[in-house]
Amino acid sequence: DILTVAKGAHFAAEDKEVMERFKNLDIVIRGEYELAIQELGRNKPLEGILGITYRSNGTIKRNPDRPFLENLDILPLPARHLLDNRLYVRPDTGEMMTSIQTNRGCPARCCYCLVRTVSGSKVIARSPENIASEMEICKEQFGIKNFYFRADTFTWDKDWMIKVCKCIIDKKLGVDWVCNSRVDTIDEERL
């Protein structure tokens, strides 16, 4: 007697098939999920929530897609105070680490990748200041000094990436971070 909700890249392509196979699944979120999950938490009527597929009186219903966010800075920071942050560690050092969503979307057309379906073909990025501020909060409030930048490709926009790095340096955070990249978006300056 609970509401079951799932999200994931595969729902963008196979939402109805998954719901037909798993009868206890009530709702799946396709594509961007933050605002959909907020609306679910506020008990908005399901028929008005964009980007979900759900059960209604034994029928699977599919709402229109949710447009991709244009401003990621509007999203609240993760509620890390609700986590035992000590459980998330770097495998090489055992030190605490966390992930930070920095940007999403990718204009590349790789045949094996769902990013364009899930996050769009336009790179949408948080502001460098917003990212560095989240890192500062993680360090000061939770003692986290290791970060994984969750991005479809962190190095796509050279100017933006360099600004992020400069913000981290300017704040004198003294942290370590890693990111994903494409080989064709790397040069000596970015490295």
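Here the structure is a predicted model, which is why all the values come from computation and not from measurement.

Undergrad: Any chance you could explain the packing of aromatic side chains here in plain terms?
TA: Each pair of aromatic rings is reported with the distance of its centres and the angle of its planes. In this structure the tally under the stated criterion is four aromatic pairs. Ring centres of Phe-154 and Trp-160 lie 5.2 Å apart, and the angle between their planes is 65 degrees; on these two criteria the pair is classed as edge-to-face. In this structure, Phe-154 and Trp-160 share a single accessibility class: buried. Pairwise contacts between aromatic rings join Phe-149, Phe-154, Trp-160 and Trp-177 into one cluster. Across the ring face of Tyr-33, the terminal group of Lys-7 is positioned such that the distance to the ring centre comes to 4.4 Å.

Undergrad: Hey, could you run me through the pattern of salt bridges in this one?
TA: Close approach of charged atoms allows side chains with opposite charge to pair. For the structure shown, the criterion picks out 18 salt bridges. With a shortest N-O distance of 3.9 Å, Arg-62 and Asp-65 are connected by a salt bridge. Judged by relative accessible area, Arg-62 falls into the partly exposed class, the value being 38%. A salt bridge links Arg-182 to Asp-184, with the shortest nitrogen-to-oxygen separation between them at 2.9 Å.

Undergrad: I would appreciate a short explanation of the nonpolar core in the present structure.
TA: In this structure, Ile-131, Met-135, Phe-147, Phe-149, Phe-154 and Ile-168 are the most contacted members of the largest nonpolar core, which totals 17 residues. At five residues, helix α5 (residues 158–170) tops the list of elements feeding residues into this core. Judged by nonpolar contacts, the second largest core, of seven residues, contains Ile-27, Ile-29, Ile-49 and Tyr-54.

Undergrad: Sorry, what's going on with the pairing of strand β3 (residues 52–56) here?
TA: As a general feature of sheets, a regular strand has side chains that alternate between the two faces. Bridging between strand β2 (residues 27–29) and β3 involves three bridges; their strand directions are antiparallel. Note that in β3 the partner of Val-28 across the bridge is Thr-53. Taken together, the four bridges between β3 and strand β4 (residues 59–62) define a ladder with antiparallel strand orientation. Looking at β4, one finds that Thr-53 is bridged to Arg-62. What sits between β3 and β4 in their antiparallel hairpin is a turn of two residues, with Asn-57 showing a positive phi close to 50 degrees.

Undergrad: Would you mind showing me how to read the sheet that holds strand β1 (residues 5–7) here?
TA: Within a sheet, adjacent strands bond to each other through the backbone by hydrogen bonds, running parallel or antiparallel. If you walk across this open sheet you meet the four strands as β1-β2-β3-β4, and the pairing is mixed. If you trace the sheet from one side to the other, it starts and ends with β1 and β4, each paired once. Mean inter-strand twist for the sheet, computed between neighbouring axes without regard to direction, equals 20 degrees. The sheet strands contacting helix α2 (residues 34–41) are β1, β2 and β3, and the helix crosses β2 at an angle near 150 degrees.

Undergrad: What should I look at first to understand a nonpolar patch on the surface in this one?
TA: Taken together, the side chains of Leu-3, Val-5 and Ile-37 present a nonpolar region at the surface, about 250 Å² in accessible area. Mapped onto the elements of the fold, Ile-37 is located in helix α2. The exposure class assigned to Ile-37 is partly exposed, which follows from its relative accessible area of 42%.

Undergrad: I tried to follow α5 on my own but got confused; where do I start?
TA: Turn by turn, an α-helix covers 3.6 residues, leaving residues three or four places apart pointing in a common direction. Taking 1.5 Å of rise per residue, 13 residues should cover 18 Å, and α5 covers 18 Å from first to last C-alpha, within 8% of that figure. Lys-172 sits one or two positions beyond α5 and adopts a positive phi of about 50 degrees.

Thresholds, definitions, all that
Residues numbered from 1 in each chain as written. Predicted model: local features only at pLDDT ≥ 70, side-chain atom pairs only at ≥ 80, totals over all residues. Heavy atoms only, no water. Phe/Tyr/Trp six-rings, centres within 6.5 Å; stacked < 30°, edge-to-face > 60°. Buried < 20%, exposed > 50% of the residue type's maximum accessible area, 1.4 Å probe, protein only. Lys NZ or Arg CZ within 6 Å of the ring centre and 35° of its normal. Salt bridge = Lys/Arg side-chain N within 4 Å of Asp/Glu carboxyl O. Core = buried A, V, L, I, M, F, W, Y, C linked by side-chain atoms within 4.5 Å. Helix = DSSP H or I, 4+ residues; strand = E, 2+ residues; numbered from the N terminus. Pairing = 2+ DSSP bridges. Axes fitted to C-alpha atoms, helices over the stretch in contact; angles between N-to-C directions. Contact = heavy atoms within 4.5 Å. Patch = residues over 30% accessible without salt bridge, like charges linked within 9 Å, V, L, I, M, F, W, Y side chains within 5 Å. Areas by Shrake-Rupley, 256 points an atom, 1.4 Å probe, with all protein chains shown as cover. Expected span 1.5 Å × (residues − 1).

This is a description of form; function is not addressed.
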